[in-house]
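Notes for the structure review
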Amino acid sequence: MELSGKSVMVTGGASGLGAACVRLFSQSGARVLIADINSEGGQKLAQEIGAAARFVQTNVVDEASVQAALKEAQEAFGALHVLVNCAGIGLAERTLGKHGPHSLEAFTRVIQVNLIGTFNALRLAAQLMSNNEPNTEGERGVIINTASVAAFDGQIGQAAYSASKGGIVGMTLPVARDLARNGIRVVTIAPGIFDTPLMAALPEPARVSLLQQAPFPPRLGKPEEYALLARHIVENPMLNGEVIRLDGAIRLPYLIR
Ligand SMILES: C[C@H](O)CC(=O)SCCNC(=O)CCNC(=O)[C@H](O)C(C)(C)COP(=O)(O)OP(=O)(O)OC[C@H]1O[C@@H](n2cnc3c(N)ncnc32)[C@H](O)[C@@H]1OP(=O)(O)O
Ligand SMILES: NC(=O)c1ccc[n+]([C@@H]2O[C@H](COP(=O)([O-])OP(=O)(O)OC[C@H]3O[C@@H](n4cnc5c(N)ncnc54)[C@H](O)[C@@H]3O)[C@@H](O)[C@H]2O)c1
């Protein structure tokens, strides 16, 4: 599907990987709705982009909140063609740490935002996309989810985060199969380590240790590189039901040294 002239919603679009998609997609001729819980960052980015962008404060775990964002996309842009699910949170906690067992509340929160929030946004967006006239390929929409390499090689302290991202990996094929009859493709990106506020929040020793594990290129990924793959997924009709690692060949070691 060509991006130019299309309407896109980016959850978590106020920061990091999502913000890079907002920038690249609007430069590519799309109109973009930034759906993020952070209103300060979201409004600032929407202002920077101008007429091609709008911000709606959105909590991806809340059905009414996502419905309100989709209503705004429908009213402002006339339709929704692409959803990029970037909203997510991190957590580092051992299953059995020195202060006792992993907090169940923290585990639940990470699953709620990363996994259930992703599913909530995609199921409601798919309903809106299903109203679109199909293009010559029969496409009505494209959904891009964000997992992580931690879905496959989660480190010590990543039980909750890896479970949430593994859930996104696991649902990619069945959701793509479900939505095939609607002409909606579903692809998940599993990023390695990217230079965003989420990664900056890791303790310095963890970041240094991870960088030493990056074969090539030996650096953090740039958010624009995530956005380039997201744009390609929109443009290439043959990509569907797949999880793509975008990681410079990194494999996370079992612990941070
Ligand atoms: C973000 C993208 O999606 C990409 C990625 O995912 S990039 C990868 C990101 N990686 C991470 O986030 C890694 C997260 N993990 C961590 O930061 C750390 O492993 C962690 C903070 C969770 C755990 O740290 P750790 O210090 O081992 O915590 P904890 O188990 O509570 O142990 C603290 C101390 O108590 C000791 N201890 C632990 N359990 C104990 C027990 N049952 N009895 C007695 N002592 C114990 C430990 O030996 C440790 O002592 P040390 O300082 O001498 O080593
Ligand atoms: N940075 C990396 O190295 C990396 C690697 C692998 C996967 N990821 C994943 O990529 C996605 C984007 O991460 P990032 O690095 O850009 O982080 P980030 O913190 O820069 O951006 C995440 C955005 O999600 C928003 N958000 C959080 N909870 C929300 C909620 N309930 N509703 C709506 N918005 C919410 C935040 O306000 C923030 O703007 C996340 O899912 C993250 O797990 C990041």
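To be clear, the structure that these remarks concern was listed above.
Right, let's walk through the structure included here. (Residues numbered from 1 in each chain as written. Chains lettered and ligands numbered in written order. Predicted model: local features only at pLDDT ≥ 70, side-chain atom pairs only at ≥ 80, totals over all residues. Heavy atoms only, no water.)

**Overview of the overall build of the chain**
Basically, it comes down to this: For the purposes of this entry, the term helix denotes a DSSP run of H or I that reaches at least four residues, the term strand denotes a run of E that reaches at least two, and both are numbered from the N terminus. To get the radius of gyration, use the C-alpha atoms; to get the globule rule, take the number of residues to the power 0.38 and multiply by 2.2 Å. Think of it in three bands: residues with accessible area under 20% of the maximum for their type are buried, residues over 50% are exposed, and the middle band is partly exposed, with areas taken using a 1.4 Å probe on protein chains only. Contact criterion: two residues are considered in contact whenever any of their non-hydrogen atoms come within 4.5 Å of each other. Shrake-Rupley sampling with a 1.4 Å probe provides the accessible areas, and residues are treated as covered by the protein chains on show and by no other component. When charges are tallied, Lys and Arg are placed among the positive residues and Asp and Glu among the negative ones, while His and the ends of the chain are skipped. A single reference atom marks each charge: NZ on Lys, CZ on Arg, CG on Asp, CD on Glu.
Assigned secondary structure in the chain consists of 9 helices and 9 strands. Here the C-alpha radius of gyration of the chain, 18 Å, is about what a compact globule of 257 residues would show, namely 18 Å. By principal-axis analysis of the C-alpha atoms, the chain measures approximately 55 × 40 × 35 Å. Within the chain, the fraction of its 257 residues that count as buried is 51%. Sequence-distant contacts in the chain: of pairs separated by 6 or more residues, those separated by 24 or more amount to 71%. For the chain, the exposed area adds up to about 12000 Å²; of that, 53% sits on carbon and sulfur atoms. Between the mean site of the 22 positive side-chain charges and the mean site of the 22 negative ones, the chain shows a separation of 4 Å.

**Comments concerning the site of ligand 1**
As a reminder of what qualifies: When at least one non-hydrogen atom of a residue lies within 4 Å of a molecule or strand, that residue is treated as near it. Charged means Asp, Glu, Lys or Arg here, nonpolar means Ala, Val, Leu, Ile, Met, Phe, Trp, Tyr, Cys or Pro, and polar covers whatever is left, Gly included.
In the neighbourhood of ligand 1, 20 residues make up the surrounding shell, with Arg94, Ser148, Gln155, Ile156 and Tyr161 lying closest. When isolated, ligand 1 has an accessible area of 1100 Å², and the protein chains bury 57% of it. When the residues that make up the shell around ligand 1 are grouped by side-chain class, the tally is 11 nonpolar, 6 polar and 3 charged.

**Some remarks on the layout of surface pockets**
The cut-off we apply is this: The way it works is a 1 Å grid over only the protein atoms, where trapped points that fit a 1.4 Å probe form a cavity and open points with protein on both sides within 12 Å along at least five of seven lines form a pocket, and then any residue with an atom within 4 Å of a point lines it. Grid points are joined across faces, edges and corners, and a volume is the space filled by probe spheres set on the points.
What the largest pocket holds in volume is close to 1200 Å³. Around the largest pocket, the lining is made up of 50 residues, and of these Ile89, Gly90, Tyr161, Leu198 and Met199 lie nearest the centre. Counting residues per element, the ones that place at least two in the lining of the largest pocket are helix 1 (16-27), strand 2 (31-36), helix 6 (159-179), helix 7 (197-200) and helix 8 (204-211). Looking at the lining of the largest pocket residue by residue, the classes come out as 30 nonpolar, 16 polar and 4 charged. In this structure, the second largest pocket encloses a volume near 150 Å³. Considering the residues around the second largest pocket, the lining is formed by 14 residues, among which Phe194, Pro217, Gly221, Asp247 and Gly248 are closest to the centre.

**Concerning the pattern of salt bridges**
Condition: Here a salt bridge means any side-chain nitrogen of Lys or Arg lying within 4 Å of a carboxyl oxygen belonging to Asp or Glu.
One pass over the full model with this rule turns up 11 salt bridges. Residue Lys71 pairs with Glu75 through a salt bridge whose shortest N-O separation is 3.4 Å. Here Lys71 and its partner Glu75 are both found in helix 3 (residues 63-77), 4 residues apart, which amounts to about one turn of the helix. On the accessibility criterion, Lys71 (53% relative accessible area) is exposed. Arg245 is paired through a salt bridge with Asp247; the nearest N and O atoms lie 2.6 Å apart. A residue is classified by how much of its surface remains accessible, and Asp247, at 16% relative accessible area, is buried. Through salt bridges with shared partners, a single network forms among Asp153, Arg245, Asp247 and Arg251.

Geometric values such as these leave the question of function open.
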